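Chain residues, written in single-letter form:
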Amino acid sequence: MSPMPIDASLPAWLAGLTATQFAALLSLMTVGLFTPGPNTTIAAVTGANFGLRATLPHCIGVALGFASILALCAAGVGALIIASPVLATIVHLAGVAYLLWLAAKIGRSAALSDRQVLAPLSVWQSVALQYANIKAWMLALAIAASYMSGAESPLQRGLLVCAVFGVFGFLSNGAYGAMGASLRQWLQVGQRIRWFNRAMGLALAATALWIAFAGRPAMP
(Lines give C-alpha, C1' and ligand atoms only; values in the text may rest on other atoms or scores of the structure.)
Protein backbone atom coordinates (compact mmCIF):
# COMPACT_ATOMS: atom_id res chain seq x y z
CA MET A 1 0.00 0.00 0.00
CA SER A 2 1.46 3.34 -1.02
CA PRO A 3 2.01 6.01 1.65
CA MET A 4 -0.78 8.56 2.14
CA PRO A 5 0.14 11.80 0.36
CA ILE A 6 0.58 14.81 2.61
CA ASP A 7 -2.08 17.48 2.10
CA ALA A 8 -0.29 20.82 1.88
CA SER A 9 -3.39 22.55 3.29
CA LEU A 10 -3.02 20.72 6.62
CA PRO A 11 -0.71 21.93 9.42
CA ALA A 12 2.77 20.43 9.04
CA TRP A 13 2.78 19.15 12.63
CA LEU A 14 -0.05 16.72 11.79
CA ALA A 15 2.55 14.72 9.82
CA GLY A 16 0.10 13.72 7.10
CA LEU A 17 -2.86 12.90 9.34
CA THR A 18 -6.17 14.41 8.27
CA ALA A 19 -8.18 16.38 10.81
CA THR A 20 -10.63 13.48 11.03
CA GLN A 21 -7.84 10.96 11.66
CA PHE A 22 -6.29 13.17 14.33
CA ALA A 23 -9.68 13.63 16.04
CA ALA A 24 -10.15 9.84 15.99
CA LEU A 25 -6.70 9.41 17.56
CA LEU A 26 -7.58 11.89 20.33
CA SER A 27 -10.87 10.08 20.96
CA LEU A 28 -9.06 6.75 21.21
CA MET A 29 -6.56 8.24 23.67
CA THR A 30 -9.37 9.71 25.79
CA VAL A 31 -11.25 6.42 26.01
CA GLY A 32 -8.13 4.33 26.53
CA LEU A 33 -6.35 6.52 29.07
CA PHE A 34 -9.01 8.44 31.00
CA THR A 35 -11.23 5.45 31.84
CA PRO A 36 -10.46 3.79 35.23
CA GLY A 37 -7.67 1.21 35.27
CA PRO A 38 -4.56 0.20 37.22
CA ASN A 39 -2.65 3.40 36.54
CA THR A 40 -5.50 5.73 37.44
CA THR A 41 -6.26 3.71 40.58
CA ILE A 42 -2.65 4.07 41.72
CA ALA A 43 -2.74 7.79 40.92
CA ALA A 44 -5.92 8.31 42.97
CA VAL A 45 -4.54 6.33 45.92
CA THR A 46 -1.26 8.25 45.82
CA GLY A 47 -3.06 11.60 45.67
CA ALA A 48 -5.34 10.67 48.57
CA ASN A 49 -2.54 9.37 50.79
CA PHE A 50 0.33 11.73 49.95
CA GLY A 51 -1.07 14.72 48.03
CA LEU A 52 -1.04 15.75 44.39
CA ARG A 53 2.69 16.48 44.17
CA ALA A 54 3.51 12.89 45.11
CA THR A 55 1.62 11.65 42.03
CA LEU A 56 3.92 13.52 39.60
CA PRO A 57 6.60 10.77 39.36
CA HIS A 58 3.87 8.24 38.58
CA CYS A 59 2.35 10.53 35.93
CA ILE A 60 5.76 11.06 34.32
CA GLY A 61 6.48 7.32 34.44
CA VAL A 62 3.18 6.50 32.76
CA ALA A 63 3.85 9.05 30.02
CA LEU A 64 7.41 7.80 29.41
CA GLY A 65 6.37 4.16 29.58
CA PHE A 66 3.45 4.54 27.18
CA ALA A 67 5.39 6.64 24.69
CA SER A 68 8.43 4.33 24.67
CA ILE A 69 6.27 1.20 24.29
CA LEU A 70 4.54 2.84 21.33
CA ALA A 71 7.92 3.66 19.79
CA LEU A 72 9.06 0.06 20.26
CA CYS A 73 5.84 -1.22 18.69
CA ALA A 74 6.39 1.06 15.69
CA ALA A 75 9.87 -0.46 15.39
CA GLY A 76 8.43 -3.99 15.40
CA VAL A 77 9.41 -5.07 18.92
CA GLY A 78 5.80 -5.20 20.16
CA ALA A 79 4.80 -7.60 17.39
CA LEU A 80 7.66 -9.93 18.34
CA ILE A 81 6.53 -9.99 21.99
CA ILE A 82 2.87 -10.59 21.17
CA ALA A 83 3.78 -13.27 18.62
CA SER A 84 5.91 -15.19 21.13
CA PRO A 85 3.78 -17.19 23.60
CA VAL A 86 6.68 -17.41 26.05
CA LEU A 87 7.54 -13.69 26.03
CA ALA A 88 3.88 -12.64 26.07
CA THR A 89 3.17 -14.94 29.02
CA ILE A 90 6.20 -13.66 30.96
CA VAL A 91 5.11 -10.03 30.48
CA HIS A 92 1.52 -10.95 31.33
CA LEU A 93 2.34 -12.84 34.55
CA ALA A 94 4.87 -10.23 35.68
CA GLY A 95 2.28 -7.48 35.27
CA VAL A 96 -0.40 -9.39 37.18
CA ALA A 97 2.01 -10.23 40.01
CA TYR A 98 3.16 -6.61 40.28
CA LEU A 99 -0.42 -5.33 40.43
CA LEU A 100 -1.38 -7.87 43.12
CA TRP A 101 1.68 -6.86 45.16
CA LEU A 102 0.71 -3.18 44.89
CA ALA A 103 -2.90 -4.02 45.78
CA ALA A 104 -1.75 -5.78 48.96
CA LYS A 105 0.39 -2.78 49.99
CA ILE A 106 -2.49 -0.37 49.37
CA GLY A 107 -4.96 -2.52 51.31
CA ARG A 108 -2.63 -2.71 54.33
CA SER A 109 -2.12 1.05 54.62
CA ALA A 110 -4.25 2.45 57.45
CA ALA A 111 -2.98 6.04 57.84
CA LEU A 112 -2.36 9.05 55.62
CA SER A 113 1.26 9.42 54.45
CA ASP A 114 2.20 6.02 55.93
CA ARG A 115 5.40 5.45 53.93
CA GLN A 116 6.39 2.41 56.02
CA VAL A 117 3.62 0.41 54.34
CA LEU A 118 2.80 2.34 51.17
CA ALA A 119 5.05 4.72 49.27
CA PRO A 120 4.45 6.68 46.05
CA LEU A 121 5.84 4.99 42.95
CA SER A 122 8.99 6.45 41.44
CA VAL A 123 9.23 7.38 37.77
CA TRP A 124 11.05 4.15 36.92
CA GLN A 125 8.67 1.97 38.94
CA SER A 126 5.79 3.42 36.94
CA VAL A 127 7.69 2.88 33.68
CA ALA A 128 8.23 -0.75 34.71
CA LEU A 129 4.52 -1.10 35.43
CA GLN A 130 3.72 -0.08 31.85
CA TYR A 131 6.23 -2.54 30.41
CA ALA A 132 4.71 -5.34 32.50
CA ASN A 133 1.20 -4.62 31.17
CA ILE A 134 0.47 -6.84 28.17
CA LYS A 135 -2.66 -4.75 27.47
CA ALA A 136 -0.47 -1.66 27.04
CA TRP A 137 1.60 -3.54 24.44
CA MET A 138 -1.53 -4.65 22.57
CA LEU A 139 -3.02 -1.13 22.56
CA ALA A 140 0.28 0.41 21.45
CA LEU A 141 0.60 -2.21 18.70
CA ALA A 142 -2.87 -1.37 17.39
CA ILE A 143 -2.13 2.37 17.45
CA ALA A 144 1.22 1.89 15.72
CA ALA A 145 -0.41 -0.18 12.97
CA SER A 146 -3.30 2.28 12.51
CA TYR A 147 -1.54 5.63 12.77
CA MET A 148 2.19 5.12 12.22
CA SER A 149 2.46 2.43 9.54
CA GLY A 150 2.96 3.69 5.98
CA ALA A 151 3.51 7.33 6.94
CA GLU A 152 5.42 9.38 4.38
CA SER A 153 7.49 10.84 7.22
CA PRO A 154 7.73 7.96 9.78
CA LEU A 155 9.90 9.86 12.24
CA GLN A 156 7.66 12.94 12.32
CA ARG A 157 4.50 10.82 12.58
CA GLY A 158 6.07 8.68 15.29
CA LEU A 159 7.09 11.70 17.34
CA LEU A 160 3.59 13.18 17.03
CA VAL A 161 1.73 10.03 18.08
CA CYS A 162 4.17 9.20 20.90
CA ALA A 163 3.93 12.78 22.20
CA VAL A 164 0.12 12.69 22.18
CA PHE A 165 0.16 9.29 23.89
CA GLY A 166 2.54 10.56 26.55
CA VAL A 167 0.66 13.82 27.18
CA PHE A 168 -2.67 12.03 27.54
CA GLY A 169 -1.10 9.46 29.88
CA PHE A 170 0.26 12.26 32.07
CA LEU A 171 -2.98 14.27 32.10
CA SER A 172 -5.26 11.32 32.77
CA ASN A 173 -3.29 10.17 35.79
CA GLY A 174 -2.85 13.74 36.98
CA ALA A 175 -6.63 14.17 36.91
CA TYR A 176 -7.16 11.06 39.03
CA GLY A 177 -4.35 12.15 41.35
CA ALA A 178 -6.05 15.52 41.83
CA MET A 179 -9.33 13.74 42.52
CA GLY A 180 -7.66 11.63 45.20
CA ALA A 181 -5.89 14.65 46.70
CA SER A 182 -9.22 16.49 46.99
CA LEU A 183 -10.39 13.74 49.38
CA ARG A 184 -7.50 14.07 51.85
CA GLN A 185 -9.29 16.26 54.38
CA TRP A 186 -12.40 14.07 54.32
CA LEU A 187 -10.29 10.91 54.69
CA GLN A 188 -8.65 12.21 57.88
CA VAL A 189 -11.84 11.57 59.85
CA GLY A 190 -12.01 8.32 61.82
CA GLN A 191 -11.16 5.16 59.89
CA ARG A 192 -12.07 6.51 56.48
CA ILE A 193 -8.53 6.26 55.05
CA ARG A 194 -8.29 2.63 56.18
CA TRP A 195 -11.53 1.69 54.40
CA PHE A 196 -10.67 3.81 51.37
CA ASN A 197 -7.34 2.05 50.94
CA ARG A 198 -8.93 -1.35 51.45
CA ALA A 199 -11.55 -0.60 48.81
CA MET A 200 -8.96 0.70 46.34
CA GLY A 201 -6.69 -2.27 47.05
CA LEU A 202 -9.56 -4.66 46.33
CA ALA A 203 -10.39 -2.75 43.13
CA LEU A 204 -6.78 -3.01 41.96
CA ALA A 205 -6.64 -6.71 42.87
CA ALA A 206 -9.89 -7.31 40.97
CA THR A 207 -8.42 -5.53 37.95
CA ALA A 208 -5.28 -7.69 38.17
CA LEU A 209 -7.35 -10.87 38.31
CA TRP A 210 -9.45 -9.71 35.37
CA ILE A 211 -6.26 -9.07 33.39
CA ALA A 212 -4.94 -12.48 34.48
CA PHE A 213 -7.86 -14.33 32.92
CA ALA A 214 -9.55 -12.08 30.35
CA GLY A 215 -6.26 -10.66 29.07
CA ARG A 216 -4.37 -13.94 28.97
CA PRO A 217 -2.24 -14.22 25.78
CA ALA A 218 -3.65 -16.72 23.30
CA MET A 219 -1.61 -19.86 22.82
CA PRO A 220 -1.17 -21.38 19.34
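For clarity, every value in this text was computed on a predicted model and none was experimentally measured. (Residues numbered from 1 in each chain as written. Predicted model: local features only at pLDDT ≥ 70, side-chain atom pairs only at ≥ 80, totals over all residues. Heavy atoms only, no water.)

### Some thoughts on the overall build of the protein
Here is step 1 of the chain: When its secondary structure is counted, the protein shows 10 helices and zero strands.
Here is step 2 of the chain: Starting at the N terminus and walking to the C terminus, you meet the elements of the protein as α-α-α-α-α-α-α-α-α-α.
Here is step 3 of the chain: At 19 Å, the protein has a C-alpha radius of gyration in line with the 17 Å of a compact globule built from 220 residues.
Here is step 4 of the chain: With respect to the principal axes defined by its C-alpha atoms, the protein has extents near 65 × 45 × 25 Å.
Here is step 5 of the chain: Intrachain contacts of the protein at a sequence separation of at least 6 include 83% that bridge at least 24 residues.
Here is step 6 of the chain: Counting only carbon and sulfur atoms, one obtains 70% of the accessible surface of the protein, whose full area is about 11,000 Å². (Helix = DSSP H or I, 4+ residues; strand = E, 2+ residues; numbered from the N terminus. Rg over C-alpha atoms; globule rule 2.2 N^0.38 Å. Contact = heavy atoms within 4.5 Å. Areas by Shrake-Rupley, 256 points an atom, 1.4 Å probe, with all protein chains shown as cover.)

### Looking at the side chain of His-92
Here is step 1 of the chain: Tracing the sequence through the fold places His-92 in helix H5 (residues 85–108).
Here is step 2 of the chain: Taking relative accessible area as the criterion, His-92 reaches 3% and is therefore assigned buried.
Here is step 3 of the chain: Polar contacts involving the side chain of His-92 include one to the main-chain carbonyl oxygen of Ile-211, which spans 3.3 Å. (Buried < 20%, exposed > 50% of the residue type's maximum accessible area, 1.4 Å probe, protein only. Polar contact = N/O pair within 3.5 Å; in protein donor to acceptor, adjacent residues only side chain to side chain.)

### Considerations on the confidence of the model for the protein
Here is step 1 of the chain: Mean pLDDT for the protein: 85, with 90% of residues reaching 70 or above.
Here is step 2 of the chain: Confidence drops under a pLDDT of 50 for residues 1–9, and excluding neighbours within four residues, the segment shows 10 contacts in the predicted structure. (pLDDT = per-residue confidence, 0-100.)

### Quick notes on the nonpolar core
Here is step 1 of the chain: Ranked by internal contacts, the top residues of the largest apolar core, which has 28 residues, are Leu-25, Met-29, Leu-70, Ile-143, Val-161 and Phe-165.
Here is step 2 of the chain: Those elements that provide at least two residues to this core are helix H1 (19–34), helix H3 (56–74), H5, helix H7 (134–148) and helix H8 (154–181).
Here is step 3 of the chain: The element contributing the most residues to this core is H7, with eight residues.
Here is step 4 of the chain: Filtering out sequence-adjacent residues up to four positions away, Leu-70 remains in contact with Ala-140, Ile-143, Ala-144, Met-148, Val-161, Cys-162 and Phe-165.
Here is step 5 of the chain: In terms of nonpolar packing, the next biggest core, distinct from the first, is built from 24 residues, Ala-54, Ala-103, Leu-204 and Ile-211 among them. (Core = buried A, V, L, I, M, F, W, Y, C linked by side-chain atoms within 4.5 Å.)

### Considerations on H3
Residues spaced three or four apart along an α-helix point in a common direction, a consequence of the helix completing one turn every 3.6 residues.
Here is step 1 of the chain: In this model H3 runs 27 Å from its N-terminal to its C-terminal C-alpha over 19 residues, within 8% of the 27 Å that 1.5 Å per residue would give.
Here is step 2 of the chain: Restricting attention to buried positions, one finds in H3 the residues His-58, Cys-59, Gly-61, Val-62, Ala-63, Gly-65, Phe-66, Ala-67, Ile-69, Leu-70 and Cys-73.
Here is step 3 of the chain: On its buried face, H3 is in contact with H1, helix H2 (38–50), helix H4 (77–83), helix H6 (123–131), H7 and H8. (Expected span 1.5 Å × (residues − 1).)

### Looking at the state of the cysteines
One way to say it: the disulfide is the covalent bond shared by the sulfur atoms of two cysteines.
Here is step 1 of the chain: Counted according to the given criterion, the structure contains zero disulfides.
Here is step 2 of the chain: Take Cys-59: it sits in no disulfide, and the sulfur closest to it among the cysteines is that of Cys-162, at 19 Å.
Here is step 3 of the chain: No disulfide involves Cys-162; its sulfur sits 9.5 Å from that of Cys-73, the nearest cysteine. (Disulfide = S-S within 2.5 Å.)

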